[in-house]
Amino acid sequence: MSGFLAVVLICASTVPVQSCGEATATDVFKTRVGNEMGCATGWQEIIARSEVREGIGRTAYLKTQCRRIRPDE
């Protein structure tokens, strides 16, 4: 069964949005979701429970990506 991988990148406010990726992010969170909508909504709880939540909007921002997972992954 295929699904999607929601990738949540935490990038410093000094990093341009177009440059924010896994290599430049200060933190990367990944979770499997069942559909593309899950990529947009499936990560809030992860961030809310993490220590990085305090800096979001002040010193850092979030960027999300959605990747299709092949059945053999």
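One structure accompanies this document, and this report is about it. The model shown is predicted, which means the values in this text are computed figures rather than measured ones. (Residues numbered from 1 in each chain as written. Predicted model: local features only at pLDDT ≥ 70, side-chain atom pairs only at ≥ 80, totals over all residues. Heavy atoms only, no water.)

## A look at the pairing of strand β1 (residues 3-12)
Judged by how many residues are buried, β1 sits mostly within the fold: nine of ten residues are covered. Of the pairings in the sheet, the one linking β1 to strand β3 (residues 60-69) comprises ten bridges and is antiparallel in character. The residue bridging Ala6 from the neighbouring strand is Cys66, located in β3. The pairing of β1 with strand β2 (residues 27-33) spans seven bridges and is antiparallel. Residue Leu9 lies in a different strand from β2, and its bridge partner there is Val28. (Buried < 20%, exposed > 50% of the residue type's maximum accessible area, 1.4 Å probe, protein only. Helix = DSSP H or I, 4+ residues; strand = E, 2+ residues; numbered from the N terminus. Pairing = 2+ DSSP bridges.)

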